[in-house]
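# Architecture and fold: a report
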Amino acid sequence: MGARRFKLLGMGTFFGDFVYQRAVEPDHFLRQLASLIDWEWFTDRLIRLYQGGAEIGRPPYNPVVILKMLLLSYLYNLSERQTEVYCNDSLSAKCFWGLAVDEAAPDHSILTAFKRRIIETGGERTLRELLAEIVATAVRQGVQFGSIQIVDSTHTVANVNVEKDERRQAKEGKAARDRDARWGVKHTRRYRNEQGQAVEQKEYFYGYKTHTSLNAEAEMITSVTVTAGNAPDGKQLMKLVEHDLAQGLPVETYSGDRGYDDSENHYGLASRGLHSALKLNRYRTEKKDRHKEVWVALKQTPQYQAGQKVRYKIERKYGEGKSNHGLGRCRYVGYIRMVIQAYLTAITLNVKRLVKLVSGVNFKRRANAGD
């Protein structure tokens, strides 16, 4: 096997490390992030995306450079073109990348090629490994993971003008812009109408769902799976559980809302020696037969009660993802590209949390001007 050959960067020149030591504060978020993670591990995993393993042809950028570029795009909620501009203007971004002060950032089109490589090489497995390595890094850095995992889903609206798309399909016979997206229920609101009748009102969305498992103590995302918008939440639980257990996390209890209250889920957790804190529907404990006693007993367990108390943390995490990192709307079109967005958003949220817990440095959103 030959030696890997990557495009050389200019950090080692006079216009590189020396300037950054003077101009970029040691406690800058990006400097802390650069030092906390073993980026060489990511090189070893991502190199398989490249034909010939970077041993033949023209030397490419180290794939970690491109991963960092994508990460900055999600951290600052920038388009890929904006990310290129930002990285050319920002000393801290160039320092994070390993570029010299006078060195141009990679063209934004390289990000498109990088995502295509992920897609063409069974990308979800690679992305899952990247997320798991961030979690493993947190463990090695001393971040405490607790026994309670919280599961939930959030919706992401497809990158489609639905009305225009439906007109094109009806009048011109064109295919849907996003063939993988589906209609799903965003919210269900119950109220009483003027006649005093109980009415259920549903609000719908067209797009995808990101299903997430969050460690309640560390407040870091440990597992992700993505579905179309019409997929039931409860059917995704055991996938998340298996991903968590494969990482050796100290899991004892799973907490979730009523969407996960399915007998198969309760049984699946019990069969793995785990406690259920999945919120029970009322019919479980209000029905008049002897079978309700097992559910009444479950609600009284300390694990159930502790799990329900921390459920709000995952809603807060989703709010952060949508408000600050663009999770509310698809960046791209198609299922596998939504998978890329979901995992990169999860990784973004996790590295913010990692730096805060280990270094005490909070992430600061980019100012309108300057660094």
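Coordinates for the structure precede this section.
Residues numbered from 1 in each chain as written. Predicted model: local features only at pLDDT ≥ 70, side-chain atom pairs only at ≥ 80, totals over all residues. Heavy atoms only, no water.

Our next topic: helix α3 (residues 39-46). The set of residues buried in α3 consists of Trp 39, Trp 41, Phe 42, Thr 43 and Leu 46. Against α2 (29-36), α4 (63-75), α6 (91-97), α7 (109-120) and α8 (123-140) lie the buried residues of α3. (Buried < 20%, exposed > 50% of the residue type's maximum accessible area, 1.4 Å probe, protein only. Helix = DSSP H or I, 4+ residues; strand = E, 2+ residues; numbered from the N terminus. Contact = heavy atoms within 4.5 Å.)

On to the packing of aromatic side chains, then. Remark: the centre distance and the inter-plane angle together describe each pair of aromatic rings, the angle taken between the planes. Tallying each qualifying case throughout the model produces seven aromatic pairs. Ring centres of Trp 39 and Phe 42 lie 5.5 Å apart, and the angle between their planes is 40°; on these two criteria the pair is classed as tilted. In this pair, Trp 39 and Phe 42 both sit in helix α3, three residues apart, roughly one turn of the helix. Taken together, a centroid distance of 5.1 Å and an interplanar angle of 80° make the contact between Trp 41 and Phe 42 edge-to-face. Using a relative accessible area of 2% as the deciding quantity, one classes Phe 42 as buried. Joined through ring pairs, the aromatic side chains of Phe 29, Tyr 76, Tyr 86 and Phe 363 make up one cluster. (Phe/Tyr/Trp six-rings, centres within 6.5 Å; stacked < 30°, edge-to-face > 60°.)

Sheet analysis places strand β1 (residues 148-157) next to strand β3 (residues 198-215), joined by nine bridges and oriented antiparallel. When the sheet's bridge partners are listed, His 155 is paired in β3 with Lys 209. (Pairing = 2+ DSSP bridges.)

Summed over all chains, the structure comprises 15 salt bridges. For the salt bridge of Lys 115 with Glu 80, the shortest nitrogen-to-oxygen distance reads 2.7 Å. Pair noted here: Lys 115 is in helix α7 and Glu 80 is in helix α5 (residues 80-89), with a separation of 35 residues, a long-range link. In this structure Lys 115 comes out as buried when scored by relative accessible area, which is 11%. Looking at Glu 80, the relative accessible area reads 13%, which means it is buried. For Arg 284, the salt bridge identified is with Asp 261, shortest N-O distance 3.1 Å. A residue pair is termed long-range when its members are at least 10 positions apart, and Arg 284 in helix α12 (residues 282-286) and Asp 261 in the loop between β5 (253-256) and α11 (263-271) qualify at 23 residues. For the pair Arg 284 and Asp 261, one class covers both residues: buried. (Salt bridge = Lys/Arg side-chain N within 4 Å of Asp/Glu carboxyl O.)

Since the α-helix turns once every 3.6 residues, residues separated by three or four places project in the same direction. If you check which residues of helix α10 (residues 237-246) are buried, you get Leu 237, Met 238, Leu 240, Val 241 and Asp 244. Buried residues of α10 fall within an arc of 155° about the axis and therefore sit on the same side. Where α10 is buried, its residues meet β1, β3, β4 (220-228), β5, α11 and β6 (275-278). Looking one or two residues past α10, Gly 248 carries a phi angle of roughly 70°, positive in sign. (Arc of directions from axis to C-beta.)

Among the secondary structure elements, Ala 181 is positioned in the loop between α9 (162-172) and β2 (182-192). The class for Ala 181 is buried, based on a relative accessible area of 1%. The residues touching Ala 181, leaving out its near neighbours within four places in the chain, are Ala 158, Tyr 206, Gly 207 and Tyr 208.

Take the nonpolar core next. Ranked by internal contacts, the top residues of the largest apolar core, which has 88 residues, are Leu 33, Trp 39, Phe 42, Leu 72, Trp 97 and Leu 237. When residues of this core are assigned to their parent elements, the largest contribution, 12 residues, is made by helix α16 (residues 335-359). Setting aside residues no more than four positions away along its own chain, Leu 72 makes contact with Leu 30, Asn 77, Thr 83, Cys 87, Ala 93, Phe 96 and Trp 97. Counting five residues, the second-largest nonpolar core is a separate cluster that includes Ala 277, Leu 280, Trp 295 and Tyr 304. (Core = buried A, V, L, I, M, F, W, Y, C linked by side-chain atoms within 4.5 Å.)

Moving on: the packing of α3 against α4. Between α3 and α4, whose axes approach to 8 Å, the crossing angle comes to 110°. It follows that α3 is roughly perpendicular to α4 by the angle criterion. Of α4, the residues touching α3 (which contributes Trp 39, Phe 42, Thr 43 and Leu 46) are Pro 63, Val 64, Leu 67, Lys 68 and Leu 71. Each residue belonging to the contact of α3 with α4 can be placed in one class, and the counts come to seven nonpolar, one polar and one charged. (Axes fitted to C-alpha atoms, helices over the stretch in contact; angles between N-to-C directions. Parallel < 35°, antiparallel > 145°, perpendicular 65-115°, else oblique. Nonpolar A, V, L, I, M, F, W, Y, C, P; charged D, E, K, R; others polar.)

Two elements in contact, helix α15 (residues 312-325) and α16, have axes whose closest approach is 11 Å; the angle formed by their N-to-C orientations is 105°. One element, α15, and the other, α16, form an angle in the roughly perpendicular class. Contacts between α15 and α16 involve Lys 317, Glu 320, Gly 321, Asn 324 and His 325 on the former and, on the latter, Thr 345, Thr 348, Leu 349 and Lys 352. Split by residue class, the contact of α15 with α16 holds one nonpolar, five polar and three charged.

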